[in-house]
Amino acid sequence: MRKPAREARKPPSIALALGAGGARGLAHIAVLEALDEMGLAPIAIAGTSIGAIIGAAYAAGMKATRIRAHALSVLRNRTKVFGSLFEARVGRLGDLFARGNPVLLDGERLLDRFWPDEVPDAFEDLVIPFTAVATD
């Protein structure tokens, strides 16, 4: 008796949610590398904070190995990292004693200093549908 031919299995459809956590969020890159190795591409990505930054880069079509290489090159020089953070501030040091917050960062300035050039400025230009989650 012959066994029936196996049907070709379709890879699963997955959506990806990436969370916050500052530098801990860099662990998302290893997850993306595993997805790339398995040949799994998410049909949608959502992220918040560092998860939104990494998720947007991946949604732009960047491979995880390229995201890792970029992160390593940008974060390698601590002096440059702190200088870029200082330049992205909204407030001034004088605000420490006045009314404002001298360490509050402007998101656009911050991303201009750290994001790879491959990430477009508009959500519509991303390869994979993407949602950034935020609250006030």
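The model shown is predicted, which means the values in this text are computed figures rather than measured ones.

The rules behind these values
- Residues numbered from 1 in each chain as written.
- Predicted model: local features only at pLDDT ≥ 70, side-chain atom pairs only at ≥ 80, totals over all residues.
- Heavy atoms only, no water.
- Helix = DSSP H or I, 4+ residues; strand = E, 2+ residues; numbered from the N terminus.
- Buried < 20%, exposed > 50% of the residue type's maximum accessible area, 1.4 Å probe, protein only.
- Contact = heavy atoms within 4.5 Å.
- Areas by Shrake-Rupley, 256 points an atom, 1.4 Å probe, with all protein chains shown as cover.
- 1 Å grid on protein atoms, 1.4 Å probe; cavity = no way out; pocket = protein on both sides within 12 Å on 5 of 7 lines; lining within 4 Å.
- Points joined across faces, edges and corners; volume = space filled by probe spheres on them.
- Nonpolar A, V, L, I, M, F, W, Y, C, P; charged D, E, K, R; others polar.
- pLDDT = per-residue confidence, 0-100.
- Polar contact = N/O pair within 3.5 Å; in protein donor to acceptor, adjacent residues only side chain to side chain.
- Arc of directions from axis to C-beta.
- Axes fitted to C-alpha atoms, helices over the stretch in contact; angles between N-to-C directions.
- Parallel < 35°, antiparallel > 145°, perpendicular 65-115°, else oblique.
- Left-handed = near helix turned anticlockwise from the far one by under 90°.

Moving on, we get to the overall build of the protein chain. Check the secondary structure of the protein chain and you find 5 helices and 3 strands. Reading the secondary structure of the protein chain in the N-to-C direction produces β-α-β-α-α-α-α-β. In the protein chain, which comprises 136 residues, the share counted as buried stands at 31%. Considering only intrachain contacts with a sequence separation of at least 6, the fraction spanning at least 24 residues in the protein chain is 68%. Summing over all exposed atoms, the protein chain offers an accessible surface of approximately 9900 Å²; the carbon and sulfur share of this is 57%.

So, about the layout of surface pockets. Rolled over the atoms, a probe as big as a water molecule pinpoints where empty space is left. Reported here for the largest pocket is a volume of approximately 1100 Å³. Ile 53, Leu 110, Leu 111, Phe 114 and Trp 115 are the residues nearest the centre of the largest pocket, which is lined by 37 residues in total. Mapped by element, the contributors of at least two residues to the lining of the largest pocket are helix 2 (50–59), helix 3 (64–75), helix 4 (78–87), helix 5 (107–114) and strand 3 (130–132). Size it by volume and the second largest pocket reaches roughly 170 Å³. In terms of lining, the second largest pocket is formed by Leu 35, Asp 36, Gly 39, Leu 40, Ala 41, Pro 42, Tyr 58, Gly 61, Met 62, Lys 63, Val 127 and Ile 128. Of the residues assigned to the lining of the second largest pocket, the class counts are 8 nonpolar, 2 polar and 2 charged.

Per-residue confidence for the protein chain averages 85 on the pLDDT scale, and 86% of its residues sit at or above 70. Confidence, expressed as mean pLDDT per element, reaches its minimum in the protein chain at helix 5 with 81 and its maximum at strand 2 (residues 44–47) with 97.

If you trace the backbone, Glu 33 turns up in helix 1 (residues 28–38). Note on Glu 33: relative accessible area 14%, which makes it buried. Among the polar contacts listed, one links the side chain of Glu 33 to the side chain of Arg 68, at a separation of 2.6 Å. Setting aside residues up to four positions removed in sequence, Glu 33 forms contacts with Ala 64, Thr 65 and Arg 68.

Considered for burial, the residues of helix 1 that qualify are His 28, Ile 29, Leu 32, Glu 33 and Leu 35. Summarising the axial view, the buried residues of helix 1 lie within an arc of 160°, below the 170-degree limit, and thus occupy one face. Of the residues in helix 1, the exposed ones pointing more than 90 degrees away from the buried face are Glu 37 and Met 38. The inward-facing, buried residues of helix 1 contact strand 1 (15–18), helix 2 and helix 3. Looking one or two places after helix 1, you find Gly 39, whose phi comes out positive at around 75°.

A few words on the packing of helix 4 against helix 5. Where helix 4 contacts helix 5, the axes come no closer than 9 Å and their chain directions differ by 150°. The orientation of helix 4 relative to helix 5 falls into the category roughly antiparallel. Helix 4 and helix 5 meet at a crossing whose hand is right-handed. Contact residues: helix 4 offers Val 81, Ser 84, Leu 85 and Glu 87, while helix 5 offers Arg 109, Leu 110, Arg 113 and Phe 114.

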